[in-house]
Amino acid sequence: MVQTALYITVSPQAKLSYLALASIVSRRSFLTSTKQASSGQYHRSDFSGQGFTGIYEPDQPTGGPLGGASIVGAPRITPKALKQHLDQFVVGQGRAKKVLSVAVYNHYQRIQELQRRDDEQAELEAKAARRELGYRHPVEDEFPGQKSTMNVYPPSSEPPSPQQSTPETPKIFDYTPLTIEKSNVLLLGPSGVGKTLMAKTLARVLDVPFSMSDCTPFTQAGYIGEDAEVCVQRLLASANYDVTAAERGIICLDEIDKIATAKVAHGKDVSGEGVQQALLKIIEGTTLQIQSKQDRGGSGRSPSSVPGSGVGFPSSSPLNSGGGGGGGGGGGMNPNPPGGKGEVFNVRTDNILFIFTGAFIGLHKMILDRISKGSIGFGAPVRASNPNSGPHDTMLKGEDALFKKHLPFFIPDTPAVDTQAQPSSQTQMNLYNTLDLVEPADLQKYGMIPELVGRIPISCALSALDEEALVRVLTEPRNSLLCQYEQLFQLSGVELRFTSGALREVAKGASRMGTGARGLRTVLERLLGESMFEIPGSPIKYILITQLVAQLKQPPIYLTRGQQHKFHALIAAEEEAWEAQKENEENPHVQAHSFEEYRIKSQAAGVM
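For every chain, the first residue of the written sequence is number 1, and numbering continues from 1 onward in sequence order. pLDDT decides what is reported in this predicted model: residues at 70 or higher carry local features, side-chain atom pairs at 80 or more are listed and counted, and totals for whole chains, interfaces and linings draw on all residues regardless. For the side-chain quantities, the full set of heavy atoms in the structure was used; hydrogens and water were omitted.

Labelled according to an unreviewed UniProt entry, the protein chain appears under the name P-loop containing nucleoside triphosphate hydrolase protein, originating from Lepidopterella palustris CBS 459.81.

Caption draft 1: Main features of the overall build of the protein chain. Secondary structure elements follow DSSP: runs of H or I no shorter than four residues count as helices, runs of E no shorter than two count as strands, and numbering proceeds from the N terminus. Check the secondary structure of the protein chain and you find 19 helices and 12 strands. In the protein chain, buried positions account for 34% of the 608 residues. Within the protein chain, contacts between residues at least 6 apart in sequence are counted, and of these 72% link residues at least 24 apart. Residue exposure ignores everything except the shown protein chains as possible cover, and the areas themselves are Shrake-Rupley values with a 1.4 Å probe. When the accessible surface of the protein chain is split by element, carbon and sulfur atoms take 54% of a total near 37,900 Å². For the exposure calls, accessible area comes from a 1.4 Å probe over protein chains only, and a residue counts as buried if that area is under 20% of its type's maximum, exposed if over 50%, partly exposed in between. Whether two residues are in contact is decided by their heavy atoms: any pair within 4.5 Å suffices.

Caption draft 2: Representation of the packing of helix α2 (residues 79-87) against helix α5 (residues 195-203). Lines are fitted to the C-alpha atoms to define the axes, a helix being fitted only along its stretch in contact, and any angle between axes, read from their N-to-C directions, falls within 0 to 180 degrees. At their nearest, the axes of α2 and α5 sit 10 Å apart, and the two run at 120 degrees to each other. Crossing angle aside, the handedness with which α2 passes α5 is right-handed. Residues L82, H85 and L86 of α2 form the contact with α5, whose participating residues are M198, T201 and L202. Left-handed describes a crossing in which the near helix is turned anticlockwise from the far one by less than a right angle; the clockwise case is right-handed.

Caption draft 3: Quick peek at the sheet that holds strand β11 (residues 540-545). Pairing in this open sheet of three strands is mixed, and the strands run β10-β11-β12 from one edge to the other. Strand pairing shows two members of the sheet lacking a second neighbour, β10 (495-498) and β12 (557-560), which therefore form its edges. Between one strand and the next, the sheet's axes are offset by a mean angle of 20 degrees, whatever the strand orientation. Following DSSP output, two strands are said to pair if at least two bridges run between them. In terms of strand pairing, β11 meets β12 through four bridges, oriented antiparallel. Looking at the pairing, I543 lines up with Y558 of β12. The strands that helix α18 (residues 564-586) touches are β10, β11 and β12; relative to β11, the one it contacts most, it runs at about 5 degrees.

Caption draft 4: Region of the structure containing the packing of aromatic side chains. Two rings from Phe, Tyr or Trp (for Trp, the six-membered ring) form a pair when their centres are within 6.5 Å of each other. A pair whose planes differ by under 30 degrees is stacked, one over 60 is edge-to-face, and the rest are tilted. Counted under the stated rule, the structure contains four aromatic pairs. Ring geometry for F354 versus F356: centroids 6.2 Å apart, planes at 15 degrees, classification stacked. Neither F354 nor F356 differs from the other in exposure class; each is buried. Each ring is checked for a lysine NZ or an arginine CZ that lies within 6 Å of its centre and within 35 degrees of its normal; such an atom marks a charge sitting over the ring. The ring of F89 has R204 sitting right over it, with the charged end atom 5.0 Å from the ring centre.

Caption draft 5: Local environment of the pattern of salt bridges. Think of a salt bridge as a Lys or Arg side-chain nitrogen and an Asp or Glu carboxyl oxygen that are within 4 Å of each other. One pass over the full model with this rule turns up 17 salt bridges. With a closest N to O distance of 2.7 Å, R248 and D118 form a salt bridge. Highlighted residues: R248 in the loop between α7 (243-246) and β3 (250-254) and D118 in helix α3 (residues 94-133), separated in sequence by 130 residues. Among the residues examined, R248 registers a relative accessible area of 13% and is labelled buried. Among the salt bridges present, the one from E255 reaches K258, with a minimum N-O distance of 2.6 Å. Classification of E255 by relative accessible area gives partly exposed; the value is 25%.

Caption draft 6: Representation of the nonpolar core. Residues belong to one nonpolar core when they are buried, are Ala, Val, Leu, Ile, Met, Phe, Trp, Tyr or Cys, and are joined through side-chain atoms within 4.5 Å. Counting 58 residues, the largest nonpolar core has F498 and I545 as the members making the most contacts within it. A total of seven residues in this core trace back to one element, the largest contributor, which is α3. The contact partners of F498, leaving out residues within four places of it in the chain, are L482, L503, L524, L527, L528 and I545. In terms of nonpolar packing, the next biggest core, distinct from the first, is built from 52 residues, V232, A239, L279 and V438 among them.

Caption draft 7: Examining the environment of S292 more closely. On the secondary structure map, S292 appears in the loop between β4 (287-291) and β5 (344-348). The spatial distance from the C-alpha of S292 to the C-alpha of A237 is 8.2 Å, given a sequence separation of 55 residues.

Caption draft 8: Geometry of the sheet that holds strand β2 (residues 210-214). Across the sheet, which stays open at both edges, the five strands sit in the order β2-β3-β6-β1-β9 with parallel pairing between neighbours. Only two strands of the sheet have a single neighbouring strand rather than two, namely β2 and β9 (458-461). The sheet shows a mean angle of 20 degrees between the axes of neighbouring strands, direction not considered. Inspection of the sheet shows β3 paired to strand β6 (residues 353-358) by four bridges, in the parallel sense. In the strand pairing of β6, I251 is matched with F354. Sheet contacts for α5: β1 (185-188), β2, β3 and β6; angle to β2, the most-contacted strand, approximately 155 degrees.

Caption draft 9: A look at the pairing of β1. Here β1 shows no split at all, with V185 and L187 on one side and L186 and L188 on the other all buried. Note that β1 and β6 share four bridges and pair parallel. Paired with L186 across the strands is F356, a residue of β6. One ladder, built from four bridges, connects β1 with β9; its direction is parallel. Counterpart to L187 in the pairing with β9 is C460.

Caption draft 10: A look at a negative patch on the surface. Taken together, the side chains of E579, E583, E585 and E586 make up a negatively charged region of the molecular surface. Mapped onto the elements, E579 comes out in helix α18. A patch consists of residues exposed above 30% relative accessible area that lack any salt bridge, with like charges linked at up to 9 Å and nonpolar side chains (Val, Leu, Ile, Met, Phe, Trp, Tyr) linked at up to 5 Å. His is not counted, nor are the chain ends; Lys and Arg add positive charge and Asp and Glu add negative charge. Note on charges: their place is set at NZ of Lys, CZ of Arg, CG of Asp or CD of Glu.

Caption draft 11: Inspection of α5 at higher detail. Within α5, seven of the nine residues are buried, which leaves the element mostly enclosed by the surrounding structure. Among the residues of α5, those classed as buried are K195, T196, M198, A199, T201, L202 and A203. On its buried side, α5 packs onto α2, α3, β1, β2, β3 and β6.

Caption draft 12: Spatial organisation of the confidence of the model for the protein chain. Known as pLDDT, the predictor's confidence for each residue is given on a scale from 0 to 100. Averaged over all residues, the pLDDT of the protein chain is 75; the fraction at 70 or higher stands at 64%. For the protein chain, helix α1 (residues 18-39) is the element with the lowest average pLDDT, namely 52, and β10 is the one with the highest, namely 93. Residue range residues 30-38 is modelled with pLDDT below 50. Its contacts to residues more than four positions away, or to other chains, number seven contacts. Low pLDDT, under 50, characterises residues 415-427; the stretch is placed with five contacts to residues that sit more than four places away or in other chains.

Caption draft 13: Structural detail: unusual backbone geometry. Phi at Y241 takes a positive value of approximately 55 degrees, unusual for a residue other than glycine. Tracing the backbone shows Y241 in the loop between α6 (230-238) and α7. We classify Y241 as buried; its relative accessible area is 8%. With a phi angle near 55 degrees, E255 is a residue other than glycine that sits in the positive phi range. Of note, E255 is situated in the loop between β3 and α8 (273-284).

Here it is as structure tokens:
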């Protein structure tokens, strides 16, 4: 194809005219289209004269395939991920882990939504500021101090019409966006079941400031003790005095049951009902003036005066005036808070999530009295008194129909067990947690004021730990007690081993104490106290704790270097004896029927 060039002669006077410009543009577009059609290549300018096939508005909802996507992106954490993290440190308590994980995840979602709204508001304000700059008079910039000019008719309005219409009643519009309210959580259960441990475990992985406070020293304002505002002060300190971050943090109040209303003969209850009333506005949402000063429980010195202290947030520990009391979510703070000592910070508590934990000793008896009320007559459920149950025993055996009738949440039905295939002694009864049936009326009867109970919509009970759960606590968590003591002896070059029977005996001893998992350390300290005194500096390299040793019927077995084979042989023999004992307990009618079995059992029992 032969290209033809079109030349137009234009006078200098007509070069800037509209006709000349139009002729030049049309000539250029004609030459460009002719050349590209011949070469087969296209450029972006080829489509400049065509209409748009779609419109993108930054401030409008996204359409197309991404219209249903999340406006905040993919979540970094999920409730399942949080529960899997808790499973590595806390044994059992499946429902409590789910409730706490969902509460923390929803808190994250609320924070992201608030952050998105703040960014949108900042962008709209910036656009409005740029729009106003376009209507500024030059005299305002040339002469400093000049008063701003005023437009008689702003761009968004029209000149008033000569005909005045009848004024109408103005309508009231509320353009406030939808607000997602927070849902505070209450974890209740016996001592040593993992309430505080779950909160501390989440504090190590959260990206928001986290602080934990004990409600025991709280008193009403004006009395000796700590004010309820101290919990917010510790949260602000854990956030390195970043008010914006602290206003979206998490506060865990431990031992909430210790501020229950008490009957005082004369005077007022300043450490019970007074503290509950002080917590009402803090939980609901208010603005507090927090002063960057040291905690009352400290030694009175400034954080920077403590030698070697890396953190400076308040603490009630008598050994370290600058540490503890705060969570690890916000990281360590500087020794000197911003602005110096005495600066006042205004902190809003509307978006702070509160997690309450407490043992509530004796609450399960009130619940049982409520659900068993009116149990008179034939066939009515009667609650039998268990002489072996202590004040911490909240588990209820049997009573399936009564339990499911009052249960406030759904649980799937367990598969039916064939009772004819098992002996009557082997028929297992379902074990239920009485605290799962708690209602707000029960908490009010315990001593919590109705205003505080109404501000905690989520309550979850933790179950007491039985022997099987205590054995799992000894072995399964990442920082289990068994791993801690093995590492402690390993520092001295000694290998420590527990047999399965010994672990069961340790769990039995801790179960009798009634202190939950905390009793395991007490039992282990009593069991290994003499060994920890004798082993360092001795030729002993192996320590074996058997079932008889855990029953305090014989001392621990010590072996020196070179007796590793005997050490492992003793462990294998003990495990075989333990398996045989378990089999006899499960099937008592099954006995040994050969001399070889008797010989193995006798050898396993006589190795000591």
